[in-house]
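Observations on the model geometry
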Amino acid sequence: MTLVWMVPVTGAAAVLFALWLAYDVLRRDTGTPAMQEIAGMIFEGAMAFLSRQYRTIAILAIVTSCSWR
């Protein structure tokens, strides 16, 4: 019977902890200009990678859905 209340309480605690971690990271110093430049390049590369991955997955999903015969 204790599981009935433990699961929602644990879930709420996990969400609160994640919010606290996000707050802690976002309030920290962003670093020197050189660090910000490198971070920008990493972000740009990551976004290019994700864009390519999503395009590939979309193409594969379309090909798979059209070949249902």
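Just above sits the structure.
Below you will find a few notes about this structure. (Residues numbered from 1 in each chain as written. Predicted model: local features only at pLDDT ≥ 70, side-chain atom pairs only at ≥ 80, totals over all residues. Heavy atoms only, no water.)

**Section: the environment of T2**
Going by this rule: The way it works is that DSSP assigns letters per residue, a run of H or I at least four long becomes a helix, a run of E at least two long becomes a strand, and they are numbered from the N terminus. When a residue's accessible area, from a 1.4 Å probe over protein chains only, is under 20% of the maximum for its type it is buried; when over 50% it is exposed; and in between it is partly exposed.
Along the chain, the position of T2 falls in the segment before helix 1 (3–26). A relative accessible area of 46% places T2 in the partly exposed class. Considered as a pair, T2 and A61 are 59 residues apart in the sequence and their alpha carbons are 44 Å apart.

**Examining the packing of aromatic side chains**
The line we're drawing: Each Phe, Tyr or Trp ring (for Trp, its six-membered ring) is paired with any other whose centre lies within 6.5 Å, and the angle between the two planes then decides the class: stacked below 30 degrees, edge-to-face above 60, tilted in between.
According to the stated counting rule, one finds one aromatic pair in the structure shown. Here the aromatic rings of F17 and W20 are separated by 6.0 Å at their centres, their planes lie at 25°, and the arrangement is stacked. With F17 and W20 both in helix 1 and three residues apart, this pair spans about one turn of that helix. Assessed through its relative accessible area of 49%, F17 is described here as partly exposed. Judged by its relative accessible area of 48%, W20 is partly exposed.

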